[in-house]
Amino acid sequence: MTVPFRAAHDQIPVFRRTPLPAGAARACFNEPHVPPLDGLAEAVAAEIPHLNEYGSRVDEARANIARAHGRQADDVLLGSGSMDLIRALIGSVCEPGDEVVTSWRTFEGYLPACHAHGATPVRVPTTAEGAHDVDSLLAAITERTRILLIASPNNPSGRALTREQLDRLLAEVPSRVVLALDEAYSEFATSPRAAFGAPLFAPAPALPENVVVLRTLSKSAALASLRVGYALAAPGVIEGLSKMRTQNGVDRLAVAAAEFCFTDHALEQIEDRVTWIAAERQRIERTLRDRMERAEIEGKPRIEIVHSDGNFVWLPVGSRAEELRDHLVDEARVVPRAYAGEGVRYTVIEAEHNDRFVDAVSEWATRG
Ligand SMILES: Cc1ncc(COP(=O)(O)O)c(C=O)c1O
């Protein structure tokens, strides 16, 4: 006798870990390769004597996060990674059959999050460069739409919403639809035109009641294993979302890390690392662009080098994605992620790996 799973369950693929090629550096999960923050171990260890207790220093963590965003603690909800909160959001507002409009390609975690609650993902193609097509996203909203879910910067293209695009969404998404801004990579953005719903270290923009901003410590704070993300929204929305979450669902050690990451001492360290990663991404893109220009002058083949605002580089090489990934594993001993038929996403890691990546991409792209 088998368990009678609901129909939408069949659409969720089982998560399986793929073994990575031995001896090659992981550049496929958008994890920053940096050592733990100075002071983090002590902050987490201080909670170990309390592991027998339910609960955590969640109020202190919420207060620190709110302060860094120029908001109130009631505007903040912690989750086990931002994915947990995206699921909570969909589960809180979607009846089975309701629609969640998103761009495609984007972060594929959105699809199982919809199916888990019987919601229907509606995928709106991005532009050829992987940017959000705001006209088409707005046009895709129907009576059944409950959420417009946007990753900015997008994953895997790295393209962020511009000020004009964000303002249009804020003004034109109907108030009965939640505008969910997934800003997992926003800290790495350098485009002068990029704009965010909840920038750090900047005055908090006024947001309509139907906006939920999702942030994570997995990327900028390099804490993917601890699983901490947070939502920023109006207090009533935060309270509503909290009902969908397990009580004490973020563990005490993770909450302690979140509280620590929003102290001035930790924020300064995070800012330094993020600045280094963003500069390294720009160096990789600039070097590749220069080499492709030289190849063009010399009449050799070349590929397009696009701009990313994430902690990764996106190479939209289409049908040659898997070939390039294999070449990079063999020649540069790095493992990027290949999206079959679309492109290759390479996470910015240590400079020596990045240098080998640049050389191997250049050689592959320009050979006749
Ligand atoms: C756009 C985007 N949103 C959310 C997540 C999930 O992050 P978390 O580790 O906070 O669940 C990822 C992870 O790669 C992502 O790329």
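Residues numbered from 1 in each chain as written. Predicted model: local features only at pLDDT ≥ 70, side-chain atom pairs only at ≥ 80, totals over all residues.

1. Remarks on the sheet that holds strand E11 (residues 337–339)
Read from one edge of the open sheet, three strands run E9-E12-E11, paired in antiparallel fashion. Edge positions in the sheet fall to strand E9 (312–315) and E11, since each has one partner strand and no second. Sheet twist, expressed as the average angle between the axes of neighbouring strands with direction ignored, equals 20°. Direction of pairing for E11 relative to strand E12 (residues 343–347): antiparallel, over a ladder of three bridges. Its bridge partner being in E12, Arg337 is matched across the sheet by Arg345. (Pairing = 2+ DSSP bridges. Helix = DSSP H or I, 4+ residues; strand = E, 2+ residues; numbered from the N terminus. Axes fitted to C-alpha atoms, helices over the stretch in contact; angles between N-to-C directions.)

2. Describing helix H2 (residues 58–68)
Those residues of H2 that sit buried are Ala61, Arg62, Asn64 and Ile65. Angularly, the buried residues of H2 cover 165° about the axis, an arc narrow enough to put them on a single face. Where H2 is buried, its residues touch strand E2 (76–79), strand E8 (229–232) and helix H8 (252–261). At the C-terminal side of H2, Gly70 shows a positive phi close to 65°. (Buried ≥ 20, exposed ≤ 12 C-beta atoms within 10 Å, placed from the backbone. Arc of directions from axis to C-beta. Contact = placed C-beta atoms within 7 Å.)

3. Regarding the site of the ligand
Among the 14 residues in the neighbourhood of the ligand, the closest are listed as Gly81, Ser82, Met83, Thr216 and Ser218. With three residues, the top contributor of residues to the shell around the ligand is helix H3 (residues 81–93). Its residues assigned to classes, the shell around the ligand comprises five nonpolar, eight polar and one charged. (Near = placed C-beta within 6 Å. Nonpolar A, V, L, I, M, F, W, Y, C, P; charged D, E, K, R; others polar.)

4. Here we look at the environment of Phe262
Inspection of the secondary structure assignment puts Phe262 in the loop between H8 and helix H9 (264–297). Since 24 C-beta atoms lie within 10 Å of it, Phe262 is described here as buried. Non-local contacts of Phe262, meaning those with residues more than four positions away in its chain, are made with Asn64, Ile65, Arg67, Ala68 and Leu267.

5. Things to note about the domain arrangement of the protein
Looking at the protein, the domain boundaries give domain 1 (21–33 + 267–366) and domain 2 (40–261). Centre-to-centre, using C-alpha coordinates, domain 1 lies 27 Å away from domain 2. At the interface, 22 residues of domain 1 touch 24 residues of domain 2. If you list the elements that add at least two residues to the side of domain 1 that touches domain 2, you get H9, E9 and E12. Sorting elements by how many residues they give to the side of domain 1 that touches domain 2 places H9 first, with six residues. Its residues placed into classes, the side of domain 1 that touches domain 2 shows 11 nonpolar, seven polar and four charged. (Domains from an automatic or database assignment.)

6. As for the sheet that holds E2
Strand-to-strand pairing in sheets goes through backbone hydrogen bonds, with the strands running parallel or antiparallel. Strand order in this open sheet of seven strands is E2-E8-E7-E6-E5-E3-E4, and the pairing throughout is mixed. Looking at the sheet topology across the chains shown, the edges are occupied by E2 and strand E4 (120–125). Here the strands of the sheet are splayed against their neighbours by 25° on average, with no regard to which way each runs. In terms of strand pairing, E2 meets E8 through four bridges, oriented antiparallel. Bridge pairing links Val76 to Leu232 in E8.

7. Description of helix H10 (residues 321–332)
Between the first and last C-alpha of H10 there are 16 Å, a value that for 12 residues agrees with the 16 Å anticipated at 1.5 Å per step. Buried within H10 are the following residues: Ala321, Leu324, Arg325, Leu328 and Ala332. Along the long axis of H10, the arc covered by the buried residues comes to 100°, so they all point the same way. Those residues of H10 hidden inside the fold are in contact with E9, strand E10 (334–335), E11, E12 and helix H11 (351–366). Two residues or fewer after H10 comes Arg333, characterised by a positive phi angle close to 55°. (Expected span 1.5 Å × (residues − 1).)

8. What to know about the nonpolar core
Of all hydrophobic cores here, the largest spans 105 residues; its most connected members are Leu89, Ala231, Ala257 and Ala258. For Ala257, the residues in contact, after removing those within four places along its chain, are Leu40, Ala43, Val44, Leu223, Leu226 and Val228. (Core = buried A, V, L, I, M, F, W, Y, C linked by C-beta atoms within 7 Å.)

9. Looking at the pairing of E9
Side-chain alternation along E9 places Phe312 and Trp314 on one buried face and Val313 and Leu315 on a second face that is also buried. When E9 meets E12, the two strands line up antiparallel, connected through four bridges. Along E12, the bridge assignment pairs Trp314 with Arg345.

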